[in-house]
Each structure stands twice: as structure tokens, then as C-alpha cells.
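# Close look at the chain arrangement
Chain by chain, the residues:
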Amino acid sequence: MPVFAAGVAHATPGGTCESATVQYRLVGADGGVVGEDWTSQGGFRSWDTIPGPVEVRLAPGQKVADGCKYPVSLAEYTTEGPNWATSGRQTMVDKATVYLTAADVAGDDDAKRTWQKLAVKLPDCYGQIDLYGDDVAYDGKTGEGHGPAPYQPDGVNTPYHLIAAWNGGEKECADKPSDSPSPTPTPSEPTPSTPAGSTPPAEETTPPPTPKPSATPPTTPDVPPLSSKPPVTPEPSSSDSTPPLAETGAGAPVGLIAGGAAVVIALGAGAVFAARSRRS
């Protein structure tokens, strides 16, 4: 059944957007819906046939202001087994991302609308396909835009903001990662012999803990908005925008120049007065 319940998404006066609810559906090569129609249902699902393209939209009833963007990605991994508990080390093969906006909120006349679509390469061996609400590539690489690859044995539950996932397959992948090489043994020192008649005390050993059944990572249809914003260009200050003035302008040392001129005029006047006094 389609899911119509949704939280409210909007932009605050400061431009900060809140989380929004995503809906999705699988479509075939002919554009027809495969399985259930629009839904926000999460969880992990075993595929009978490998999922094809996925259409996504924002659930109806939400208010999304202009400028709010919600990245949604679809990623395909090869795995070591057909389900999460046996998936082992996962290797990203392909990833696609779209950005949902206010134009992608469901409403009236939806039958006539075109929705954004995600498609990735389809695995031909054990694999997993994740639908999640950000644009990070969880491929195990470092640097901006990358994150840790999913790895069930160590509890690495990526991608974050996971909406839904599918896994399955019937055969091992040709590029299955090899086991870690065994360390080269180092020569051991001879063990000292125990004197006859003496028995070393038995050491207490703790049995290894029984591993707990692995639960699948949590899923949610509520995804965060794109948080990156272009840097704000600072406005030029008055000192930066005012060109340097000429020497005779307001920026020149007017006081010193005027004072020097006054001294010169005074000295000249005194010389003239003295000359006239001698003549008389």
C-alpha cells in the first residue's frame, strides 16, 4: 500500500531545511511498476529477480521551500554472501544520485508527472543494493565525499540514512576478496623444561563469547537535506574600496605641509623688513 504519512519539511528564514520523507518504487525496463506502488517501507529484502531502476519522490503533504535539496542515492555492491549476515566484505560497483526539491513533492495529477529515476549496474553474483538519503560514496575510500564500506563482521552499518536495501544472488563473485595473508612465523625460543616432580598451576581460561545473531542495519524514510552552502562573499570595507588619494588630497599630510609653508613665509617677511630698516 502507498504510504502517505509524512513529516513536515520546510525552510526556516535563515535558510536551514529540515528532514523530509522519501517514497520509492521499482520500475521495469518498460516503465511499468514492479511489485508494490509508492512506499516508504524500509528493511532488507531478498530479491526474486534483481531490482531494476528505482523512482523516487517526496511524500505528499510536505511543505518544502525553494532552495531545499534532498540527495537520494542508489549503490550496488558485490558481497561474499546472499544476505546481510553472510555479506562479509562489500565492494562498491556502481552508484547514482539525484536531488529532490519542492518540485518532487507528490500531489494532484501524479499520474501525468515524471519522477526522478535511479539506476545502477546489476550484479551477476552475490550482491546488495542500497537506497539511502545522502550523496556519499560508501566505498571505503578516504577524502571528501567518501565513507566506510559496509562490513557486517565488524558492525560497519553503512550507508548512513539507509532507506531500504535488497540482497541476494546464487553464486560467488569472481573478484571475491582473498583472505588476509597469514603472518610469517618467527623462530620461537626453546621452551624451558619443567623440573621433574613439579607441575605448573593450571591457568584459568575464559571460553570465547558466543556471537550474537546479526541484526540488519536500521532504515528510515526520513532523510536530511543537503547541508552544503556556497561561501558568502564579504562586502568590501570602505578602506578596501577607496582608492589612494593624491598627495594634495585629503590623505596627504596637510598639517605638516601648511606648517612648513607658514614658516617659510614668516622668514621671508622678516628678511624684507630688515633690509628696509638698513636703507632707512
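Here, the structure is the one placed above.
The rules we used
Residues numbered from 1 in each chain as written. Predicted model: local features only at pLDDT ≥ 70, side-chain atom pairs only at ≥ 80, totals over all residues. Heavy atoms only, no water. Phe/Tyr/Trp six-rings, centres within 6.5 Å; stacked < 30°, edge-to-face > 60°. Helix = DSSP H or I, 4+ residues; strand = E, 2+ residues; numbered from the N terminus. Buried < 20%, exposed > 50% of the residue type's maximum accessible area, 1.4 Å probe, protein only. Salt bridge = Lys/Arg side-chain N within 4 Å of Asp/Glu carboxyl O. Pairing = 2+ DSSP bridges. Axes fitted to C-alpha atoms, helices over the stretch in contact; angles between N-to-C directions. Core = buried A, V, L, I, M, F, W, Y, C linked by side-chain atoms within 4.5 Å. Disulfide = S-S within 2.5 Å.

Applying the stated criterion across every chain yields a total of five aromatic pairs. Seen in terms of ring centroids, Tyr24 and Trp166 are 5.9 Å apart; in terms of plane orientation they differ by 90°. Their pairing is edge-to-face. Note that Tyr24 is positioned in strand β1 (residues 20–27) and Trp166 in strand β9 (residues 162–168), a separation of 142 residues in sequence. The exposure class assigned to Trp166 is buried, which follows from its relative accessible area of 5%. Note on Trp38 and Trp115: the rings are 5.6 Å apart at their centroids and 75° apart in plane angle, and the pair reads as edge-to-face.

Turning next to the pattern of salt bridges. Counted by the stated rule, this structure contains five salt bridges. A salt bridge links Asp37 to Arg25, with the shortest nitrogen-to-oxygen separation between them at 3.0 Å. On the criterion of sequence distance, the pair formed by Asp37 in strand β2 (residues 33–39) and Arg25 in strand β1 is long-range, its members being twelve residues apart. The partly exposed category is assigned to Asp37, whose relative accessible area is 33%.

Across the sheet, which stays open at both edges, the five strands sit in the order β3-β9-β8-β5-β6 with mixed pairing between neighbours. Taken across any chain shown, the strands that pair with only one partner, and hence form the sheet edges, are β3 (44–46) and β6 (91–100). Pairwise comparison of adjacent strand axes, ignoring direction, gives a mean angle of 15° for this sheet. Examined bridge by bridge, strand β5 (residues 70–78) and strand β8 (residues 127–132) share six bridges and lie antiparallel to one another. Residue Leu74 lies in a different strand from β8, and its bridge partner there is Leu131.

Time to look at the nonpolar core. Among the nonpolar cores identified, the biggest contains 26 residues, and Val56, Tyr70, Val72 and Leu131 are the most heavily contacted of them. Within the residue set of this core, elements represented by two or more residues are β1, β4 (54–58), β5, β6, β8 and β9. A total of four residues in this core trace back to one element, the largest contributor, which is β1. In this structure, Tyr77, Met92, Tyr132 and Tyr138 belong to the second largest nonpolar core, which totals seven residues.

Let's shift gears to the state of the cysteines. Note on terminology: a disulfide is the covalent bond linking the sulfur atoms of two cysteines. Tallied over the entire structure, the rule returns two disulfides. The disulfide partner of Cys17 is Cys68, and the gap between their sulfur atoms is 2.1 Å. As the torsion about the S-S bond is roughly -85°, the Cys17-Cys68 disulfide counts as left-handed. You can see Cys17 sitting in the segment before β1 and its partner Cys68 sitting in the loop between β4 and β5, a full 51 residues away along the chain. Its relative accessible area of 15% is what places Cys17 among the buried residues. A sulfur-sulfur separation of 2.0 Å characterises the disulfide bridge that pairs Cys125 with Cys173. Here the disulfide of Cys125 and Cys173 is right-handed, its torsion about the S-S bond being about 95°. Remark: Cys173 occurs in the loop between β9 and β10 (222–223) and Cys125 occurs in the loop between β7 (116–118) and β8; sequence separation between them is 48 residues. The exposure class of Cys125 is buried, given its relative accessible area of 7%. Judged by its relative accessible area of 5%, Cys173 is buried.

With that out of the way, let us pick up the pairing of β4. Counting buried positions along β4 yields five of five residues, so the element is predominantly enclosed. Here β4 shows a buried face lined by Val54, Val56 and Leu58 and a second buried face lined by Glu55 and Arg57. In terms of strand pairing, β1 meets β4 through five bridges, oriented antiparallel. Looking at the pairing, Leu26 lines up with Val54 of β4. Relative to β7, β4 runs antiparallel, the two sharing three bridges. Its bridge partner being in β7, Glu55 is matched across the sheet by Lys117.

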